Amino acid sequence: MQQLATERVVIIGAGLAAIYAALKLAPRPVLMISPEDLGHGASSAWAQGGVAAAMAPGDSAAAHAADTNRAGAGTVDPRVAELVTQEARDHILDLTGLGTPFDRDAKGGYVLSREAAHSFARVVRVKGDQAGAEIMRALTAELRRTPSVQVLEGWLATGLQMQDGRVAGVDVARVEGSAPLSIMAPAILLAGGGSGGLYAITTNPPRIRGQVIGMAARAGAVVADAEFVQFHPTAIDAGEDPAPLATEALRGEGAWLINRDGTRFMTDLHPDAELAPRDIVARAIYAQTRAGLRPMLDTRACLGARVLTEFPAVAGACARAGIDPVADAIPVAAAAHYHMGGIATDLDGRASLANLWVCGEAASTGLHGANRLASNGLLEALVFARRAALSIKDALPDPGDAAPLTLPDCPSAPQPDPELVTRLRQAMTAGAGVVRDAAGLRDCLHQIATIEAAQPDCPSLANMTATATLIAAAALMRRESRGGHYRSDFPDTLPDAQRSYLTLDRALAIRTASEPEKT
């Protein structure tokens, strides 16, 4: 494999965490590897709700941390919750200074939304449901003005290069399919997103299919909390792939969940009704769907025609589907939305492999536990992007200027077989979805192994199947129900809350042990 060398810190990703980390590394030279045009194709650009932060009078970082711990169902690291919530306000002010047009009231205060499991309205938003897009627009513009950052668009990371037990570089290939080449660098920061696209119904962009977590796992990195996948209750059920999101802020404004009979079903399931924690609402939506009762989100009474102007992303998705949210309720389904698990990191974003840092959804910092508190995802990305950047600066000598890197043309190579990817997504939804049991998880692991064997020389597919294996194996190991992980054969929550830690070798051993006996 051809090798190139650079003194730049290499960042994998093009979303909020990647861009924010690059800005915080300045003036240290950075090389960003992005599969899409910068700022596009990342989950953060699609985020609707906003950033959670204690900005209101009467609210506090301590209350925000308490809500985070409560929503996380016992497995949140309280040190991380305290750290992140204390830093939240500073990041809102920083984003404001960088040009993010947060919604403000007549006195200049931030307009705040309340979302599920928050005790206060504390989600700082933009144009109702445009937070992710507007934050990304502001940060991308700032990055384009930062001379220390070189961006290579149209390239995808496929693997890590190891030397003497340390990460020494990253393998990259063209998105349209090419043989990989290696870029050797003094530090690698992974910020390439989560795993929602491993499921047949997801709100994530098409390329977000666990590849970054998988490539780190294949190199030996420890993965934490892999079983905890959050399913958003209100993806718009209109046949699009990915499924458009109906932001939780709609329920914060008073929208109801009803079924085709007009019955409001959440009131009997939780005292907070539609604002119950996401895992509870998602399972209720799933049960209604399985029963053929067609769950829907009803904004008519609380918003009326205001939904068209105050929530433009939702209005646009409804228009594409021929739905009039002013006159009719919006059909919804539970969809894979956010991976609470990921590459295990410390408080500075360091992974278990030397010279490797991780931030954003690809990381498992201990903030989210078993069930992420709404709008803590963008916040975690901001906090740990900055912490990782500062850690890298402290760990490495400053090289001064570094020449831009030019990547050569590479011969074409096969991409993942689309049929295999479809089979993988279907297997994950069927066996490792909203409701799980041992038989379904074992079958899922068997299907993953079969898919992996069908195209053994494709690194991108191997990265996907590695992450899928980790999710299903960790779910099989956890014989209880907790947060986003629900086992119908083990519906109770154990009194002793434990995080899970797995290597890929251990997950593969579980997969092998789960294979049906040959007769």
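Reading guide: rules and limits
- Residues numbered from 1 in each chain as written.
- Predicted model: local features only at pLDDT ≥ 70, side-chain atom pairs only at ≥ 80, totals over all residues.
- Heavy atoms only, no water.
- Helix = DSSP H or I, 4+ residues; strand = E, 2+ residues; numbered from the N terminus.
- Rg over C-alpha atoms; globule rule 2.2 N^0.38 Å.
- Buried < 20%, exposed > 50% of the residue type's maximum accessible area, 1.4 Å probe, protein only.
- Contact = heavy atoms within 4.5 Å.
- Lys, Arg positive; Asp, Glu negative; His and termini not counted.
- Charge placed at Lys NZ, Arg CZ, Asp CG, Glu CD.
- Phe/Tyr/Trp six-rings, centres within 6.5 Å; stacked < 30°, edge-to-face > 60°.
- Arc of directions from axis to C-beta.
- Axes fitted to C-alpha atoms, helices over the stretch in contact; angles between N-to-C directions.
- Parallel < 35°, antiparallel > 145°, perpendicular 65-115°, else oblique.
- Left-handed = near helix turned anticlockwise from the far one by under 90°.
- Nonpolar A, V, L, I, M, F, W, Y, C, P; charged D, E, K, R; others polar.
- Salt bridge = Lys/Arg side-chain N within 4 Å of Asp/Glu carboxyl O.
- Polar contact = N/O pair within 3.5 Å; in protein donor to acceptor, adjacent residues only side chain to side chain.

Caption draft 1: Highlighting the overall build of the protein chain. Along its length, the protein chain carries 15 helices and 20 strands. Taking 519 residues into account, the globule formula puts the C-alpha radius of gyration at 24 Å, and the protein chain, at 22 Å, falls close to it. Structurally, the protein chain occupies a C-alpha span of about 70 × 60 × 45 Å along its principal axes. Taken across its 519 residues, the protein chain has 60% of its residues classed as buried. The long-range fraction of contacts in the protein chain, counting pairs at least 24 apart against all pairs at least 6 apart in sequence, stands at 73%. Of the side chains in the protein chain, 47 bear a positive and 57 a negative charge, and the two mean positions are spaced by 1 Å.

Caption draft 2: Broad picture of the packing of aromatic side chains. Applying the stated rule across the entire model yields two aromatic pairs. With 6.0 Å between their ring centres and 70 degrees between their planes, Phe 102 and Tyr 110 make a pair best called edge-to-face. This pair shows no difference in class: Phe 102 is buried, exactly as Tyr 110 is. Consider the rings of Tyr 199 and Phe 231, whose centres lie 5.4 Å apart with planes at 85 degrees: the pair is edge-to-face.

Caption draft 3: Local environment of helix α10 (residues 312-321). Every buried residue of α10 is listed here: Val 314, Ala 315, Ala 317 and Cys 318. Looking straight down α10, one finds its buried side chains confined to an arc of 165 degrees; they lie on one side. Along α10, the residues that are exposed and aim more than 90 degrees away from the buried face are Ala 319 and Arg 320. Where α10 is buried, its residues touch β13 (229-236), α7 (249-252), α9 (306-310) and β16 (330-339).

Caption draft 4: Structural detail: the packing of helix α13 (residues 438-454) against helix α14 (residues 459-477). Between α13 and α14, the least distance of the axes is 10 Å, while the angle of their chain directions is 165 degrees. As judged from the angle between their axes, α13 and α14 are roughly antiparallel. Relative to α14, α13 is oriented so that their crossing is left-handed. Contacts from Ala 438, Leu 441, Arg 442, Cys 444, Leu 445, Ile 448, Ile 451 and Glu 452 of α13 reach α14 at Leu 461, Thr 465, Ala 466, Ala 468, Thr 469, Ala 472, Ala 473, Ala 475 and Leu 476. Of the residues belonging to the contact of α13 with α14, the class tally is 13 nonpolar, two polar and two charged.

Caption draft 5: Just the side chain of Arg 28, in detail. Here Arg 28 lies in the loop between α1 (16-25) and β3 (30-34). Of the side chains bearing the opposite charge, Asp 398 lies closest to the buried Arg 28, which forms no salt bridge; the N-O distance is 4.9 Å. A polar contact of 2.5 Å, which involves the side chain of Arg 28, links it to the backbone oxygen of Pro 397. Setting aside residues up to four positions removed in sequence, Arg 28 forms contacts with Glu 7, Val 9, Ser 148, Pro 186, Leu 396, Pro 397, Asp 398 and Pro 399.

Caption draft 6: Structural detail: the environment of Ser 514. Its place among the elements puts Ser 514 in helix α15 (residues 504-514). The exposure class of Ser 514 is buried, given its relative accessible area of 11%. Setting aside residues up to four positions removed in sequence, Ser 514 forms contacts with Arg 442, Leu 445 and Leu 476.

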